[in-house]
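The residues making up each chain are set out below.
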Amino acid sequence: MTHLASLFVLLLMTAPVYGQASFRTADGHPDLQGIWTSASVVPLERPASLKGKEFYTEQEAAENAKRVLGMSSWERLGSQAPEHYNMSQYGLDLSQAKVASTLRTSLIVGPEGRVPPLTPEAQKRIAERAARNRGHQFDGPENRPLQERCLIYSSEGPPMLPSAYNSNLQIVQDADHVVVLQEMIHSARIIPTDGSPHLAQSVRQWYGDSRGHWEGDTLVVDTTNFTDKTAFRGSTANLHLIERFRRIDKDTIVYEFTAEDPATWTRPWTAQIQLVRIEGPLFEFACHEGNQGVANTLSGARAAENVSK
Amino acid sequence: MHVKTLVLAAAILLPCAAQSTAYRAPRTADGKPNLGGIWQALNTANWDIQGHAAAAGPFPQLGAIGAVPPGLGVVEGNDLPYLPEAAAKKRENFANRLTLDPEVKCYLPGVPRATYMPYPFQIVQSDKTILFSYQYAGAVRTVNMQKAPEAPIDSWMGWSNGHWEGETLVIDVTGLNDKTWFDRAGNFHSDALHVIERYTPRSPDTLFYEARIEDPKVFSRPWKMSMILYRHEEPNAQLLEFKCVEFVEELMYGPLRKKVSK
């Protein structure tokens, strides 16, 4: 199977607004169920070269998709180690995924298309954190990135972002819950839609605490109670997220999130991602169970220290 | 005489009556018994699926906190039909449980162990898929209710295909790897494990759970375990995170930490 044979680029030019969702569960709620991918050829932030340009023309969008999908996995990941990051051998490369391309030039909406400037307080906090870890990156497991430790993947969310590969998720619903199950790293976020209040402030979680409600055909999810360990792009434990899920046709959900944290960003910001239906199945991503990375990295560092002694 | 016989008959029949299908559960919108909710076993099978007396734990410094609570066991007939070599391996597993039990390292628990660990789990039931989300280690599995595809590959939580038999959700679990155990006592299985689970509502807030275990590489015949699962009835019941990876890093990686020179 060639890359091209399995390449589907769905050009979703506009998001048509339907008065009534035709996809309903037996309970009568909009049906978001299925297996989806958030794979994207558009970056979160608008490149400087496209400053002031929120949308491509159709031709430009097609050219951008062709350029991004034509890159190798390791070029896209910015890795110098192709033997580790040749995702195409597993069928996981972006060029092998379904991709909903859009006319957007960045996932972040609005004229700027970029994460707003950090507040002075956040700049100080982030610089201090980086300084504390500088020269200690290999001291112990807690100095390693969360993703390498299999604690939380930066793309799994909330908020959910396209990953460099394998951006797959499944949604399952019952009468008063919506579950978002991310393949990486098998996190099931159970969102009650029964009107129950958030957890007490003393209960803080990696994925926060999500509560949903339906506004017409849109699932609106409010998430608070984060930890400051999660630190989404430098955020604090007071990060407040509002996500919106709206199924616009058989194969597409428009997913949007707004991130707000006055201690981190000078203003709230919003990104929009199209989720495209895929056949699946999801596979088990047993990250920690197969994690050789942390032990190998630390033992390598200890060996290097012994040599330099 | 008559009365005596009756009492005797009742005593024999009673355990079976407990799992009869006399109870009819509330329905989901598509007409199936509704198993949705947060459930938990209230037994000590995670310490030992067989009947066992209370015992000191492996860490005396933990005192009563680290002791093994007693339990009646959940194995039908209480005997595990190990093949001779497998029985020896079970004893070895127990002796080395602090390094070999996958629970120590926060590894995914497999099926059926996930069901009776001392943590709650939630069932989210739709007509297409039934999702089981376990608090322990964020373990999760989805049960295919529409088609029954073959397991594409072995995994920790296996591959689950489900169907309804009257009031009972029957799940056929295959594709399990050989890395999970049944309990902290070292009871184990191979990658030939085939589990058939049966979840039957027996009252508004309890389920009867049965798992038939077949593994010809380890056991001389199939055997069954069964237990009752209880609903969390607290009005604010919610599955909280127990991402235990963070709690095992010192154990797993501590010896690789940089030594601080004084």
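Going by the structure above, here's the rest.
Residues numbered from 1 in each chain as written. Chains lettered and ligands numbered in written order. Predicted model: local features only at pLDDT ≥ 70, side-chain atom pairs only at ≥ 80, totals over all residues.

Caption draft 1: Fine view of the overall build of chain A. If you tally the helices and strands in chain A, you get four helices and 11 strands. Computed over its C-alpha atoms, the radius of gyration of chain A comes to 20 Å, within 12% of the 19 Å expected for a compact globule of 309 residues. Viewed in the frame of its principal axes, chain A has a C-alpha envelope of about 70 × 50 × 40 Å. In chain A, which comprises 309 residues, the proportion classed as buried is 36%. When contacts within chain A are restricted to residue pairs at least 6 apart in sequence, long-range pairs at least 24 apart make up 62% of them. (Helix = DSSP H or I, 4+ residues; strand = E, 2+ residues; numbered from the N terminus. Rg over C-alpha atoms; globule rule 2.2 N^0.38 Å. Buried ≥ 20, exposed ≤ 12 C-beta atoms within 10 Å, placed from the backbone. Contact = placed C-beta atoms within 7 Å.)

Caption draft 2: Geometry of the overall build of chain B. Looking only at helices and strands, chain B has five helices and nine strands in total. Helices and strands appear in chain B in the N-to-C order α-β-α-α-α-β-β-β-β-β-β-β-β-α. Expected size for 262 residues packed as a compact globule is a radius of gyration near 18 Å; at 20 Å, chain B falls within 12% of this value. Buried residues in chain B amount to 34% of all 262 residues. Across chain B, the fraction of contacts at a sequence separation of at least 24, relative to all contacts at a separation of at least 6, is 58%.

Caption draft 3: Spatial organisation of the sheet that holds strand 6 (residues 187–192) of chain A. Residue and element names in this part refer to chain A. Strand order across the open sheet formed by nine strands is 6-5-4-2-11-10-9-8-7, with antiparallel pairing between neighbours. The sheet terminates laterally at strand 6 and strand 7 (209–215), the two strands that pair on one side only. Taken pair by pair, the neighbouring strands of this sheet meet at an average axis angle of 25°, ignoring direction. Pairing of strand 8 (residues 218–224) with strand 9 (residues 240–249) involves six bridges; the strand directions are antiparallel. When the sheet's bridge partners are listed, Leu219 is paired in strand 9 with Phe245. (Pairing = 2+ DSSP bridges. Axes fitted to C-alpha atoms, helices over the stretch in contact; angles between N-to-C directions.)

Caption draft 4: Just the environment of Ile196 of chain B, in detail. Residue and element names in this part refer to chain B. The topology assignment puts Ile196 in strand 7 (residues 194–203). Measuring from C-alpha to C-alpha, the distance between Ile196 and Ala237 comes to 29 Å, with 41 residues separating the pair along the chain. Among residues more than four places away in sequence, those in contact with Ile196 are Val170, Asp172 and Arg212.

Caption draft 5: Fine view of the interface of chain B and chain A. With 34 residues of chain B in contact, the opposing surface of chain A contributes 36 residues. For the side of chain B that touches chain A, the secondary-structure elements that each account for two or more residues are strand 2 (121–125), strand 3 (129–134), strand 4 (140–144) and helix 5 (245–253) of chain B. At four residues, helix 5 of chain B tops the list of elements feeding residues into the side of chain B that touches chain A. Of the residues in the side of chain B that touches chain A, the class split is 14 nonpolar, 11 polar and nine charged. (Nonpolar A, V, L, I, M, F, W, Y, C, P; charged D, E, K, R; others polar.)

Caption draft 6: Quick peek at the pairing of strand 2 (residues 34–37) of chain A. Residues and elements named next belong to chain A. Relative to strand 4 (residues 168–174), strand 2 is paired through four bridges, and the arrangement is antiparallel. Paired with Ile35 across the strands is Gln170, a residue of strand 4. With three bridges joining them, strand 2 and strand 11 (residues 269–278) adopt antiparallel strand pairing. What sits directly across from Thr37, in strand 11, is Val276.

Caption draft 7: Seen up close, the nonpolar core. Among the nonpolar cores identified, the biggest contains 96 residues, and Ile171, Val179 and Leu181 of chain A together with Leu131, Ala139 and Met227 of chain B are the most heavily contacted of them. Setting aside chain neighbours within four positions, we find Met227 of chain B in contact with Ala41, Asn43, Ala45, Val74, Tyr116 and Tyr209 of chain B. (Core = buried A, V, L, I, M, F, W, Y, C linked by C-beta atoms within 7 Å.)

Caption draft 8: Layout of the sheet that holds strand 9 (residues 223–231) of chain B. All names here are of chain B. An order of 1-2-3-4-5-6-7-8-9 is seen for the nine strands of this closed barrel, with the pairing classed as mixed. When the angles between neighbouring strand axes are averaged without regard to direction, this sheet yields 30°. One ladder, built from seven bridges, connects strand 5 (residues 159–165) with strand 6 (residues 168–174); its direction is antiparallel. The residue bridging His163 from the neighbouring strand is Val170, located in strand 6.

Caption draft 9: How the structure looks around helix 3 (residues 120–133) of chain A. All names here are of chain A. Here helix 3 spans 20 Å end to end across 14 residues, near enough to the 20 Å set by a 1.5 Å rise per residue. When you tally the buried positions in helix 3, you get one out of 14 residues, a small fraction of the element. In the stretch just after helix 3, Gly135 is the one whose phi turns positive, near 80°. (Expected span 1.5 Å × (residues − 1).)

Caption draft 10: Representation of the environment of Leu229 of chain B. All names here are of chain B. With respect to the helices and strands, the residue Leu229 is situated in strand 9. Overall, the presence of 24 C-beta atoms within 10 Å leaves Leu229 in the buried class. When the C-alpha positions of Leu229 and Leu42 are compared, they lie 7.1 Å apart, and in sequence the two are 187 residues distant.

None of the figures reported here should be taken as evidence of function without further support.
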